[in-house]
Every structure is written in structure tokens, then in C-alpha cells.
Amino acid sequence: MSAPHIVALGGTLRNQSTTGRLLAAALEIAEARGARTTLLTGDDIAFPHYEPGNAEGNAAIGRYLEALRTADAVIVGSPGYHGTLSGLVKTALDYVEQLRGDERVYLDGLPVGLIATAGGWQASVSTLQALRTITHSLRGWPTPMGLAINVAEPGDAIARSRPQMEIMVGQIFDFLRR
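Residues numbered from 1 in each chain as written. Predicted model: local features only at pLDDT ≥ 70, side-chain atom pairs only at ≥ 80, totals over all residues. Heavy atoms only, no water.

1. Considering helix 2 (residues 59-69)
Our working definition: Here the term buried applies to any residue with accessible area under 20% of the maximum for its type, exposed to any over 50%, and partly exposed to those in between, with areas from a 1.4 Å probe on protein chains only. Each helix is a run of DSSP H or I of at least 4 residues and each strand a run of E of at least 2, with the numbering of both proceeding from the N terminus. The directions from the helix axis to the C-beta atoms are what the arc is built from. By definition in these notes, contact holds between two residues if any of their heavy atoms fall within 4.5 Å. Contacts described as polar in this section are N or O atom pairs within 3.5 Å, which, within protein, must combine one atom able to donate a hydrogen with one able to accept it, while residues neighboring in sequence count only if both atoms come from side chains.
For helix 2, the complete set of buried residues consists of I61, Y64, L65, A67 and L68. Around the axis of helix 2, the buried residues are gathered within 155° of arc, so they sit on the same side. Summarising the contacts, the buried residues of helix 2 are in contact with strand 1 (5-10), strand 2 (36-41), strand 3 (73-81) and helix 3 (87-94). In this structure N58 caps helix 2, since a side-chain oxygen of it lies 3.1 Å from the backbone nitrogen of A60.

This is how it looks when you write it as C-alpha cells:
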């Protein structure tokens, strides 16, 4: 396979959010393995609440959907807000509904890496589970290695989770080779 296109989406509206930085770090690992990458975070995915038909004419949503249409794999990252994913990330995932009429419906057959961050284990784990459920609903294949990251632990979250990120990105590439 030539250079696969891996799209990472999620994070927060805050510049340099931990989730956004983790998504960027995962894409750096993918780039080192030869991937082309696209990072969509913050304002790139700050869309109005999803309503069928409201994507028409919105250039940002159009760019987002085109990135997903050309993706060979996706990585989704969300902070855990009150035990589940953020509204920003959920709304972005809701817009995947616009791909329902495509030849490849939703994320059908794509490997999907997942990253959940929170200020504790309970919210990070439950957010990861919610992301897995949504990925299944969108016909994606979550990688066996998903990252639940407790940002309240001491030390740099990226450095602490790098070994797991390497495994997750490796699983994406293993899936793509098959």
C-alpha cells in the first residue's frame, strides 16, 4: 500500500489541549511509518449541532467530510466530560451521518484508534468505552489497544502513553496491510 492517509479528529477548543497533543503525537508516529496525516481539532471541528441537511454550504464541514472520505484509517480522541465524550467530538462524529450515501458508508471497514483523556480513571475509561460503541455504530473497527489516559497523574501524559500509542498505531498499520 502506498502512503496511507490517517485522519485524527477530536480534542478541545483549547489551544494545546492534552487530547489534541496526544492526537498530534499519534500522527507523528504514523508519519514516521510513512503515512500522510490530517489533524482536525479545535476550530476545525467546531460545528453547529447536527441536523440532517445543515452541512450543506458549510466549507469547514465539507473539508472535514472530504478528509474522512479519503481516510484509510481514523484516530478519534476525546476528553471525558462527566463520564463520556465531549459535545465537540460527539457533534463531529454525528456529521459522519453525511457519509451514509457514499460508496463506503460511514467509517465502514476502517481501523479506528481511540484516545480518551480525563482527570481520573473512571471518566477516561467510560469515555473510551463510549468511543468504542460509537465506532462500532459507524461500522469502524476499533483497534484492540485503546488509550484511557488519566491526566491527573504526575508526569507528561504524552511521554507516559507513548508505548501504548506505538502499539495502537502499529495495529492500524497491521490492519491496513491485511
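This is not the end of the story, as more comes after the structure.
2. Here's the deal with the pattern of salt bridges
Side-chain pairing between opposite charges can occur once the charged atoms of the two side chains come close. As a reminder of what qualifies: Salt bridge criterion: a side-chain nitrogen from Lys or Arg within 4 Å of a carboxyl oxygen from Asp or Glu.
Enumeration over the complete set of coordinates arrives at seven salt bridges. Across the pair E153 and R160 runs a salt bridge whose closest N-O atoms are separated by 3.3 Å. Taking relative accessible area as the criterion, E153 reaches 30% and is therefore assigned partly exposed. Here R160 falls in the partly exposed class, since its relative accessible area comes to 29%. Across the salt bridge formed by R162 and E166, the nearest N and O atoms sit 3.9 Å from each other. With a gap of four residues between them, R162 and E166 both fall in helix 5 (residues 157-177), about one helical turn apart.

3. Quick notes on the nonpolar core
How we decide: What is meant by a nonpolar core is a set of buried Ala, Val, Leu, Ile, Met, Phe, Trp, Tyr and Cys residues, joined one to another through side-chain atoms within 4.5 Å.
One finds L9, Y64, L68, V74, V76 and L93 to be the most contacted residues of the largest nonpolar core, which totals 35 residues. When contributions to this core are tallied by element, the ones reaching two or more residues are strand 1, helix 2, strand 3, helix 3, strand 5 (111-118) and helix 4 (121-137). No other element matches helix 2, which puts five residues into this core. Setting aside its immediate chain neighbours within four residues, V76 contacts L9, L23, V89, L93, V112, G113, L114, I115 and L131. Core analysis: the second largest hydrophobic core is formed by 23 residues, A25, A26, I29 and M168 among them.

4. A few points about unusual backbone geometry
The backbone of Y106 shows a phi angle near 50°, a positive value even though the residue is not glycine. Note that Y106 resides in the loop between helix 3 and strand 5. What makes Y106 buried here is its relative accessible area of 14%. With phi around 70°, R139 is a residue other than glycine that occupies positive phi space. The partly exposed category is assigned to R139, whose relative accessible area is 41%.

5. Considering the side chain of T19
Along the chain, T19 turns up in helix 1 (residues 18-32). The contacts of T19, once residues within four sequence positions are left out, are G11, G77, S78, P79 and T117.

6. Some remarks on helix 3
Among all positions of helix 3, only L88, V89, T91, A92 and L93 are buried. Of the surrounding elements, those touching the buried residues of helix 3 are strand 1, helix 2, strand 3, strand 4 (84-85) and helix 4.

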